[in-house]
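What follows is the residue order along each chain.
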Amino acid sequence: MIMAISHTHSALVRSFMPNVAEDGYDNSKRNDPNSSHVSDPVRRYAVYKKMYLANKLNSVFPKLEVEEMKSVMKASISDNEIEWLRDYVMSRGGGYSHAWLRYNRYYQYFDDKYYSEENKTMWNNKFHFLEYGIPYQKYLVPQWIVFTAGTQCVGFGQTSTNVYNSTGVPAYPVSQPIHLAYAVANYNSNGDASWGTFIQVGHGEIHHMVQLLLILQLKGLLLCKVVLVIEHY
């Protein structure tokens, strides 16, 4: 794990969520290492070590090769949200589902209802973030907001990647033309991994995605299993 973190954190690792509160409206401080959305290697190591010792991580975690471990350590989430996300998933039964996320192209992460003092107790009763030290601060956008405000393909791909990473399973976002999907490792009883790529699309994107997959297949570039998840938006 130490070797993996030394590789991943040689460059900036941060939450994919916006953080106007600390980064500014122009994102001028986005790369500030003091931003709570920017990962600290020592802090991230401590988070995963704590979860591992508490048996909160998938059984494959201690068996991961460095390259596999790197995809876990590079999770695009704030350090103080990793354990929360893992526990949130487990509180809903442990079987992560894309149905937990709602496609909404008009999501408003800066809506005051997510930051008002009168709603603080309501949101915490639903997501239990305060006990993990996750701040409730205006425009410091948390990961939990995606599960209530909705998101688009970027949020689907990045959040799904973070979910698997928070349980110690390798996954990473996959950039595509006008889209973002994600890949996740599936391990058999021998510990051998196969990678699956998951693509969430709305009705307006289906034609373009199928077209893209056919082109990749014809060119022999489709090297992994693809599961097309079509949601009704």
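The structure contained in this document is the topic of the report that follows.

Calculation criteria
Residues numbered from 1 in each chain as written. Predicted model: local features only at pLDDT ≥ 70, side-chain atom pairs only at ≥ 80, totals over all residues. Heavy atoms only, no water. Helix = DSSP H or I, 4+ residues; strand = E, 2+ residues; numbered from the N terminus. Expected span 1.5 Å × (residues − 1). Core = buried A, V, L, I, M, F, W, Y, C linked by side-chain atoms within 4.5 Å. Buried < 20%, exposed > 50% of the residue type's maximum accessible area, 1.4 Å probe, protein only. Contact = heavy atoms within 4.5 Å. Polar contact = N/O pair within 3.5 Å; in protein donor to acceptor, adjacent residues only side chain to side chain. Arc of directions from axis to C-beta. Axes fitted to C-alpha atoms, helices over the stretch in contact; angles between N-to-C directions. Nonpolar A, V, L, I, M, F, W, Y, C, P; charged D, E, K, R; others polar. Salt bridge = Lys/Arg side-chain N within 4 Å of Asp/Glu carboxyl O.

Before going further, it helps to examine helix α8 (residues 153–166). The terminal C-alpha atoms of α8, which comprises 14 residues, lie 20 Å apart, in line with the 20 Å expected from a rise of 1.5 Å per residue. In the stretch just after α8, G168 is the one whose phi turns positive, near 90 degrees.

With that out of the way, let us pick up the nonpolar core. Counting residues in each nonpolar core, the largest one holds 46 residues, and the members touching the most others are Y48, W84, W144 and I145. Listing elements by their share of this core, those giving two or more residues are α1 (2–8), α3 (41–53), α4 (66–73), α5 (82–91), α6 (120–127), α7 (146–149), α8 and β2 (179–187). If we ignore the near neighbours within four places in the chain, the residues touching W144 are W84, Y114, W123, F127, F129 and Y136.

With respect to the secondary-structure elements, D87 resides in helix α5. For D87, a relative accessible area of 13% translates into the label buried. A distance of 2.6 Å separates the side chain of D87 from the side chain of Y132, its partner in a polar contact. Setting aside its immediate chain neighbours within four residues, D87 contacts K56 and Y132.

Of all the residues in α6, the buried ones are W123, N124 and F127. What you see down the axis of α6 is that its buried residues fit within an arc of 95 degrees, all on one side. For α6, the exposed residues set more than 90 degrees away from the buried face come down to T121 and N125. Buried-residue contacts for α6 involve α5 and α7. Following α6 by one or two positions, H128 adopts a phi angle in the positive range, close to 55 degrees.

Attention now goes to the packing of α3 against α5. The N-to-C vectors of α3 and α5 enclose an angle of 35 degrees; their axes lie 10 Å apart at closest approach. Facing R44, V47, Y48, K50 and M51 of α3, the residues of α5 in contact are I82, E83 and R86. Along the lines of polarity and charge, the residues of the contact of α3 with α5 split into four nonpolar, no polar and four charged.

The subject of this paragraph is the pattern of salt bridges. Tallied over the entire structure, the rule returns eight salt bridges. Between D87 and K56 there is a salt bridge whose closest N-O contact spans 3.0 Å. Of this pair, D87 sits in helix α5 while K56 sits in the loop between α3 and α4, placing them 31 residues apart in sequence. Residue class for K56 comes out buried when judged on its relative accessible area of 19%. Here D112 makes a salt bridge to K138, at a shortest N to O gap of 3.5 Å. A residue pair is termed long-range when its members are at least 10 positions apart, and D112 in the loop between α5 and α6 and K138 in the loop between α6 and α7 qualify at 26 residues. Of the residues examined, D112 reaches a relative accessible area of 42% and is grouped as partly exposed. With relative accessibility at 44%, the residue K138 sits in the partly exposed group. Connected through shared salt-bridge partners, K50, K56, E83, R86 and D87 make up one network.

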